[in-house]
Amino acid sequence: MTNLLISMEAVRKMFERYAKKDEDATTISKGELRAWLQAELPGYLQDAENEQEIQHRVDKLMQNLDEDRDGEMNFLEFIDFVNDLTLVRQPGPCQDAK
Ligand SMILES: [Ca+2]
Ligand SMILES: [Ca+2]
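Computed from a predicted structure; not experimentally measured. (Residues numbered from 1 in each chain as written. Chains lettered and ligands numbered in written order. Predicted model: local features only at pLDDT ≥ 70, side-chain atom pairs only at ≥ 80, totals over all residues.)

**As for helix α2 (residues 30-40)**
Right, on to step 1. Looking only at α2, the buried set comprises Glu 32, Leu 33, Arg 34 and Trp 36.
Right, on to step 2. Contacts made by the buried residues of α2 are with α1 (3-19) and α4 (51-65). (Buried ≥ 20, exposed ≤ 12 C-beta atoms within 10 Å, placed from the backbone. Helix = DSSP H or I, 4+ residues; strand = E, 2+ residues; numbered from the N terminus. Contact = placed C-beta atoms within 7 Å.)

Structure below.
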């Protein structure tokens, strides 16, 4: 298997691992998104001052990621999210030009 296929498989498995925590294994709910953030991106919720702020951040993120507006994150929406995270971590062409 190529490195690309191995990486894609790892992303798919990560999605499935969190998506299957409730009865619908095809989408990530807000609760599952929160579990994912706490495990995979701990810095995102770490400095939240209270439960209300954590909930607010999870709600806001889901709102931004939920393109088809069904209240949950499907695999394509998850891929977009991972893609956005990858772009944030890599210097883009504009930054290189400076
Ligand atoms: Ca689910
Ligand atoms: Ca959705």
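**Remarks on the UniProt feature "domain: EF-hand" (unreviewed entry) in the protein**
Right, on to step 1. The feature "domain: EF-hand" (unreviewed entry), as annotated in UniProt, sits at residues 53-88 in this numbering.
Right, on to step 2. Taken end to end, residues 53-88 comprises 75% helix and 0% strand; its first and last C-alpha atoms sit 23 Å apart. (UniProt positions renumbered as here; feature names shortened; annotations may be inferred.)

**Things to note about unusual backbone geometry**
Negative phi characterises most residues that are not glycine, and trans characterises most peptide bonds.
Right, on to step 1. Phi angles above zero are rare outside glycine, and Arg 69 is one such case at about 55°.
Right, on to step 2. Tracing the backbone shows Arg 69 in the loop between α4 and α5 (75-89).

**Remarks on the nonpolar core**
The nonpolar side chains of soluble globular proteins are, as a tendency, buried together.
Right, on to step 1. Listed in full, the 9 residues of the largest apolar core are Phe 15, Tyr 18, Ala 19, Ile 28, Leu 33, Trp 36, Val 58, Met 73 and Phe 78.
Right, on to step 2. Listed by contribution, the elements that provide at least two residues to this core are α1 and α2.
Right, on to step 3. Considering every element that reaches this core, the biggest residue donor is α1, with 3 residues.
Right, on to step 4. If we ignore the near neighbours within four places in the chain, the residues touching Ile 28 are Tyr 18, Ala 19, Leu 33, Trp 36, Glu 72, Met 73 and Phe 78. (Core = buried A, V, L, I, M, F, W, Y, C linked by C-beta atoms within 7 Å.)

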